[in-house]
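Each chain is listed here by its residues.
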Amino acid sequence: MSLQILCRRQTVCRVRLLTQQLRAMSGVSAEDDVILEKINKKGVITLNRPKALNALNLSMIRKIYPQLKQWEEDGETSLVIIKGSGEKSFCAGGDIKAVTDAGRKGDRLSADFFREEYILNYAIGTLQIPYIALIDGITMGGGVGLSVHGHFRVATPRTLFAMPETGIGLFPDVGGGYFLPRLGGKLGIYLALSGFRLRGRDVHKAGVATHFVDQEQIADVEKALLDLDSPNENEVRQVLDRYHQECTVDKHKEFVLSPHLEKIDQLFCGDTVEDIMEALRKDGSEWANKQLQTLLKMSPTSMKITLRQLQEGERMSFADCFTMEYRISQGCIDGHDFYEGVRALLVDKDNAPKWKPATVEEVTQDIVESHFKPLDFNRDLTL
């Protein structure tokens, strides 16, 4: 071995050792999928799977939940901030591939993941101290559940929000049955059925985010919150309002769906998915035809259970929505389309799922109803 190669290897070893020492000093290991810190009597949660777009797994849920409850009850922690590592994503969703793999084997993970995720979502929505989600980047599925129920959601130009579950044979869970019907008009039904993606300031204009700032300000926003002295919810709001008002990015840009809101309310008001699709056909406009083509690609079963979910959720309490959604999740685990959607979009990536049933007309009322029935053997989720 040459001296040059030996020196290079020694250098690499020294760098690796230094990196390990720095991680040890900071309390962060290479295996940490979520980092939980206490800074100036404030809790800070950092989702730490940047290569996986910070997708939420059961390990992360089981770390976040007890810490969140401890911060809520310790009498010292004045607020909680949650954010994602990296520049691409807050949280791109749940680790649904692991869930479907478990479901095929009959593994408990397929039940435990949804149960514990929803318990965490409920804890966020009922937290007694201010909860601020910095949704800088992709925010979908499980990432929505970690953010939308909190007191404050701060979006940036990099924010990409969507609930695309009907395209993978699932449904907009994590409390989607509660918040989507409350967005106003039929916007929530449209977003849920179509999986339409909102970007940047449009996430705020839709009512999903409470505030909007430039991504260059996110670090300043976090510092300003951490510098507060035992703040209450109103003091947190004042800080966020100030940064929101100072942000000029896309300030005068029209909401992307503004030209279509009237049609959304008219065409997505049907009692059934068949009614909605027929209304789109009869309208015949370019926009309506585009939406119809989108819906025709989605899982027919998912669309039907999603519409029923939102119709029921509009009248339900926050807790009861999660009980309903847990039942639906287990119905999806017992069905076909969830596995097929994950295969087509995430595994084989042929983007050609073969739904069963293949059309909305073939999805019977009994199939829909089976997703909403109480579960056997005390398996229901109670909050």
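Residues numbered from 1 in each chain as written. Predicted model: local features only at pLDDT ≥ 70, side-chain atom pairs only at ≥ 80, totals over all residues. Heavy atoms only, no water.

1. Notes on the pattern of salt bridges
All chains considered together, the criterion is met by 23 salt bridges. Between Asp 112 and Arg 108 there is a salt bridge, with the nearest N and O atoms lying 2.8 Å from each other. For Asp 112, a relative accessible area of 11% corresponds to the buried category. Looking at Arg 108, the relative accessible area reads 60%, which means it is exposed. Linking Glu 369 and Arg 308 is a salt bridge whose minimum nitrogen-to-oxygen distance equals 3.1 Å. With Glu 369 in helix α17 (residues 365–370) and Arg 308 in helix α14 (residues 300–313), this residue pair connects regions lying 61 residues apart in the sequence. Take Glu 369: its relative accessible area is 28%, and that puts it in the partly exposed class. Taking relative accessible area as the criterion, Arg 308 reaches 18% and is therefore assigned buried. One salt-bridge network, in which partners are shared between bridges, spans Arg 62, Arg 108, Asp 112 and Glu 116. (Salt bridge = Lys/Arg side-chain N within 4 Å of Asp/Glu carboxyl O. Buried < 20%, exposed > 50% of the residue type's maximum accessible area, 1.4 Å probe, protein only. Helix = DSSP H or I, 4+ residues; strand = E, 2+ residues; numbered from the N terminus.)

2. What to know about helix α2 (residues 58–73)
Taking 1.5 Å per residue, 16 residues should reach 22 Å; α2 reaches 23 Å between its end C-alpha atoms and fits that length. What α2 keeps buried is the set Leu 58, Met 60, Ile 61, Ile 64, Gln 67, Leu 68, Trp 71 and Glu 72. Residues of α2 that are buried in the fold lie against β1 (34–39), β2 (42–47), β3 (80–84), α4 (109–125) and β5 (131–135). Put simply, Asn 57 is the residue that caps the front of α2, since its side-chain oxygen is 3.2 Å from the backbone nitrogen of Ser 59. (Expected span 1.5 Å × (residues − 1). Contact = heavy atoms within 4.5 Å. Polar contact = N/O pair within 3.5 Å; in protein donor to acceptor, adjacent residues only side chain to side chain.)

3. A short note on the sheet that holds strand β6 (residues 138–140)
Taken together, the four strands give an open sheet; going across it, the order is β4-β6-β8-β9, and neighbouring strands pair in mixed fashion. Bordering the open sheet on either side are β4 (89–91) and β9 (198–199), each of which pairs with just one other strand. Inspection of the sheet shows β6 paired to strand β8 (residues 160–162) by three bridges, in the parallel sense. Across the sheet, residue Thr 139 finds its bridge partner in β8, namely Phe 161. (Pairing = 2+ DSSP bridges.)

4. Overview of the packing of aromatic side chains
A complete count under the given rule lists twelve aromatic pairs for this structure. Ring centres of Tyr 118 and Phe 322 lie 5.9 Å apart, and the angle between their planes is 40 degrees; on these two criteria the pair is classed as tilted. With Tyr 118 in helix α4 and Phe 322 in helix α15 (residues 318–334), the pair connects residues that are 204 residues apart, well separated along the chain. Across the pair, Phe 322 and Tyr 118 agree in class, each one buried. (Phe/Tyr/Trp six-rings, centres within 6.5 Å; stacked < 30°, edge-to-face > 60°.)

5. Digging into the side chain of Ser 299
Relative to the helices and strands, Ser 299 resides in the loop between α13 (286–295) and α14. In contact with Ser 299, not counting residues within four places along its chain, are Thr 166, Gly 169, Asp 337 and Trp 355.

6. What to know about the environment of Ile 129
Mapping Ile 129 onto the fold places it in the loop between α4 and β5. Residues Ile 129 and Thr 77, spaced 52 residues apart in sequence, show a C-alpha to C-alpha distance of 8.0 Å. With residues near it in sequence (within four places) discarded, Ile 129 still touches Trp 71, Glu 72, Thr 77, Ser 78, Leu 79, Val 80 and His 151.

7. Details of the pairing of β5
In terms of residue burial, β5 counts as a mostly covered element, since five of its five residues are buried. Here β5 shows no split at all, with Tyr 131, Ala 133 and Ile 135 on one side and Ile 132 and Leu 134 on the other all buried. With three bridges joining them, β3 and β5 adopt parallel strand pairing. When the sheet's bridge partners are listed, Ile 82 is paired in β5 with Ala 133. Relative to strand β7 (residues 152–155), β5 runs parallel, the two sharing four bridges. Looking at the pairing, Ile 132 lines up with Phe 152 of β7.

8. Quick look at the confidence of the model for the protein
Any segment with low pLDDT has predicted coordinates that should not be analysed in fine detail. Confidence in the prediction of the protein, expressed as mean pLDDT, is 92, and 92% of residues score 70 or more. In this model residues 1–30 is a low-confidence stretch, pLDDT under 50, and it forms seven contacts with partners more than four residues away in sequence or in other chains. (pLDDT = per-residue confidence, 0-100.)

9. Details of the packing of helix α9 (residues 218–226) against helix α10 (residues 233–246)
For the pair α9 and α10, the least separation of the axes is 10 Å and the interaxial angle reads 155 degrees. Compared by their axis directions, α9 and α10 come out roughly antiparallel. Viewed along their axes, α9 and α10 form a crossing whose handedness is right-handed. Contacts from Asp 220, Val 221, Ala 224 and Leu 225 in α9 reach Val 236, Val 239, Leu 240 and Tyr 243 in α10. (Axes fitted to C-alpha atoms, helices over the stretch in contact; angles between N-to-C directions. Parallel < 35°, antiparallel > 145°, perpendicular 65-115°, else oblique. Left-handed = near helix turned anticlockwise from the far one by under 90°.)

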